[in-house]
Structure formats: structure tokens, C-alpha cells
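Residues per chain are reported as follows:
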Amino acid sequence: MRGLGAYIMRGPLQAMLVTAALALVSLVPILGVVSMLSGAALALVTLRHGARQGITVLLGAGVITGVFMYFVFGAMALGFVFLLLWLPLLLLALVLRSSASWSIVIDAATALGLAGIVVFYLLTGDPVQFWQNVLSQMVELMSAQGGGMEGMETIQNQLPMFSRWLTGMLAGALVMGQILSLMVGRWWQALLYNPGGFRQEFLELRQSRLAAMVLLAILVLSLPDLGGVSDMAGDMMIVMVTVYSIVGLALVHALVDRTGRHVGWLVALYLFLFILPPQAMLLLASAGFADSWVNFRRRLSSLQQKSDDDRNDNQ
């Protein structure tokens, strides 16, 4: 990774090529996670050199992917879809570059996700019906291509449930992807220029009480049956849980580090995330939410200081 990062930092052309190449590789179904590295390459350049070079790389990589998609699939517009994913990441990288605060970045990413949900509701009017229509057309296409009728009927019956949560799930996935790409980019930057810097930033990541109050307000709106307002709040809750799960993950890393626990605790946590992701994310989000009010790191430091003082007094 250090070698690839060093190659990216040789100049804008190299950064464009790597960003575009990784984006195109991510189109292979089993390699979708590579898209995170594509965004990280853009984030690395933006964090190191600022807006001008970041925009240059973004536009250049967009042109490269667009031209490639045109010659391979005959549709250049497909390549520029990546621009829609890279632009928010560029903005978040600039926020991190200017503020050096992950809390502010998380707030900005959350605001973008929530705003995206509001815009989507305004554009579609009824997102649930919109997704039902889209998914129904996909099921009909699959059935026409030889899908089993019994299986298609089962999927058709589950469309209302999928449609109800799809807006929030997509928004949450996009926000998480943006944050993780930026984190990888920041780690890359630290690897090249400030070893250990990202680790310290990540271990201190926590959200303010104001952000926690926003979560509570959205939760309250999602509980009663207020029609579209409750539906929108429910989708927003998915974004909030996604964001706070990242905050909770940082908290667990910090507590394991400060208490000197074995790395096996983290291995177990990641296994839990892999096996039961919804439940694990909900637990992590709860921990991150509680930390906004309790500040477990500070309490742990106070307890450790008190223990050291008592030990010194006894000596």
C-alpha cells in the first residue's frame, strides 16, 4: 500500500489513472469493495494538496472512466456515475483538511446523507412505490430470462418490505462508503507522511451531545404513524445508526488500547460484524451514542489516574 500511495503522489496523472483503474475494477461484482480504494486515492491527493489538485484528479478520473465505458459498453454516461460518488468525498476530504476534526467530518457526512434522503423524497413523492416499481421491473426481467416462477413469486411477495427500507439502506451504505474511503485515504496519508497519525485520530473519534440530540429527534419522529414524515425519519435513522456504528467502533478500539486488552477482543468484534452485521452495528451505535453523553475515555482516564494515585499513596 505504501508503494501504491507513493505512486499516486507522483503527480495528478498517476492519481487519475489509479483512481479510474480502481473504480473500473470495482465494477466486477466480487470486487465491489475496491471502489473504497478508488475513493481513498482521491482523498489522499485532496488531503495532501488541497482542492485544486483534488478537483483535477476527480475530473480526469471521471473522463477516463467515461471514455472506457463508452468504448466497452457504448454508454459514456455510466462512467460519470463515479463523479456523483467522488464529489461528496472530495468535499469531506476538504473539511477534514481544514478542520483536522473527525467529529466535524462525521457531522458533514451525516448531513449529506440526511439531505440526500430529503431530496429523494421530494423527487419521487413516494419512495416506497418508486422502489416497488423498479424492483418489480427487475423481477419481471429476471423471470423473462428463465428465473423459476416459484422463486420469483417469493421475491415478489417480499418487495413491499424491501421497498420500505431500501432508501435508508442505500443512503446508509453510501455514507459509510464515503467515511471509510476517507479513513483509508487519511491512513494512507499518515503512512507516507505521519506514521501513527491516523491511529491517534481514530481512537479519539466521538460525537457531540448535539449530534446525539439530532438522533433522538429523528427517533421520536420515526416512532408514531405520521405517514411520509415517519417514513423519512425511519430512513434517516438507518443513516444515523450507520454513522454511530463507526463511532462505536472507534470507541471499542480506544478502550481496548487504553486498557491493554488482547487484540483478540477486536478480532471477536469483527467476526461478530461479519456474521451478524445488523445486530453488531446496532450495539456499536448504542455504544457510540452513549459515549456522546458519558465520555467513556475521560472516565477511564480518571479511574486510571485515581488508581495510580492510590497506588502511590500506599507506597
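The structure reproduced in this document is the subject of the present report. Being a predicted model, the structure only gives us computed values, none of them experimental.

So, how was this worked out
Residues numbered from 1 in each chain as written. Predicted model: local features only at pLDDT ≥ 70, side-chain atom pairs only at ≥ 80, totals over all residues. Heavy atoms only, no water. Helix = DSSP H or I, 4+ residues; strand = E, 2+ residues; numbered from the N terminus. Buried < 20%, exposed > 50% of the residue type's maximum accessible area, 1.4 Å probe, protein only. Phe/Tyr/Trp six-rings, centres within 6.5 Å; stacked < 30°, edge-to-face > 60°. Contact = heavy atoms within 4.5 Å. Patch = residues over 30% accessible without salt bridge, like charges linked within 9 Å, V, L, I, M, F, W, Y side chains within 5 Å. Areas by Shrake-Rupley, 256 points an atom, 1.4 Å probe, with all protein chains shown as cover. Salt bridge = Lys/Arg side-chain N within 4 Å of Asp/Glu carboxyl O. Core = buried A, V, L, I, M, F, W, Y, C linked by side-chain atoms within 4.5 Å. Axes fitted to C-alpha atoms, helices over the stretch in contact; angles between N-to-C directions. Parallel < 35°, antiparallel > 145°, perpendicular 65-115°, else oblique. Nonpolar A, V, L, I, M, F, W, Y, C, P; charged D, E, K, R; others polar. Expected span 1.5 Å × (residues − 1).

Considering the arrangement of structural elements, one finds L59 in helix α4 (residues 51–73). Its relative accessible area of 48% is what places L59 among the partly exposed residues. Separated by 27 residues in sequence, L59 and W86 place their C-alpha atoms 9.6 Å apart.

This brings us to the packing of aromatic side chains. Within a pair of aromatic rings, the relevant descriptors are the distance that separates the centres and the angle that separates the planes. Following the criterion strictly, the structure yields 9 aromatic pairs and no others. Look at F82 and W86: their rings are 5.5 Å apart centre to centre, the planes differ by 25°, and that puts the pair in the stacked class. Of this pair, F82 and W86 are both found in helix α6 (residues 81–99), 4 residues apart, which corresponds to roughly one turn of the helix. Judged by its relative accessible area of 10%, F82 is buried.

Let's shift gears to the side chain of S245. Following the sequence through the fold, S245 ends up in helix α12 (residues 228–259). We classify S245 as buried; its relative accessible area is 4%. Not counting chain neighbours up to four residues away, the residues in contact with S245 comprise M176, M281, L284 and A285.

A grouping of V63, V67, F68, Y70, F71, V72, F73 and M76 is seen on the molecular surface, where their side chains present a nonpolar patch of about 790 Å² in accessible area. Per-element tally for the nonpolar patch: the top contributor is α4, with 7 residues. Structurally, F71 is set in helix α4. Under the relative-accessibility criterion, F71 is labelled exposed at 67%.

Once that is clear, we can look at the nonpolar core. W102, I179, L182, M183 and Y244 are the most contacted members of the largest nonpolar core, which has 43 residues in total. Element by element, the count of residues in this core is highest for α12, at 12 residues. Ignoring anything within four residues of it in the chain, the contact list for I179 reads I106, A109, V243 and I246. Counting residues in each nonpolar core, the second largest holds 23 residues, with V18, A23, L90 and V184 among its members.

For the rest of this paragraph, the subject is the packing of helix α13 (residues 264–275) against helix α14 (residues 277–294). Two quantities define a packed helix pair, namely the angle between the helix axes and the distance between the axes. Their axes nearest at 5 Å, the elements α13 and α14 cross at an angle of 130°. Taken as axis vectors, α13 and α14 run oblique relative to one another. Counted together, L269, F272, L273, F274 and I275 of α13 and P277, Q279, A280, M281, L283 and L284 of α14 form the full contact between these two elements. Of the residues belonging to the contact of α13 with α14, the class tally is 10 nonpolar, 1 polar and no charged.

Before going further, it helps to spend a moment on helix α7 (residues 102–124). Helical geometry: 3.6 residues make up each α-helical turn, so side chains three or four residues apart lie on a common side. In this model α7 runs 33 Å from its N-terminal to its C-terminal C-alpha over 23 residues, within 8% of the 33 Å that 1.5 Å per residue would give. Three or more residues of α7 are buried, namely W102, V105, I106, A109, T110, G113, L114, I117 and Y121. G125 occupies a position one or two residues after α7 and carries a positive phi of about 80°.

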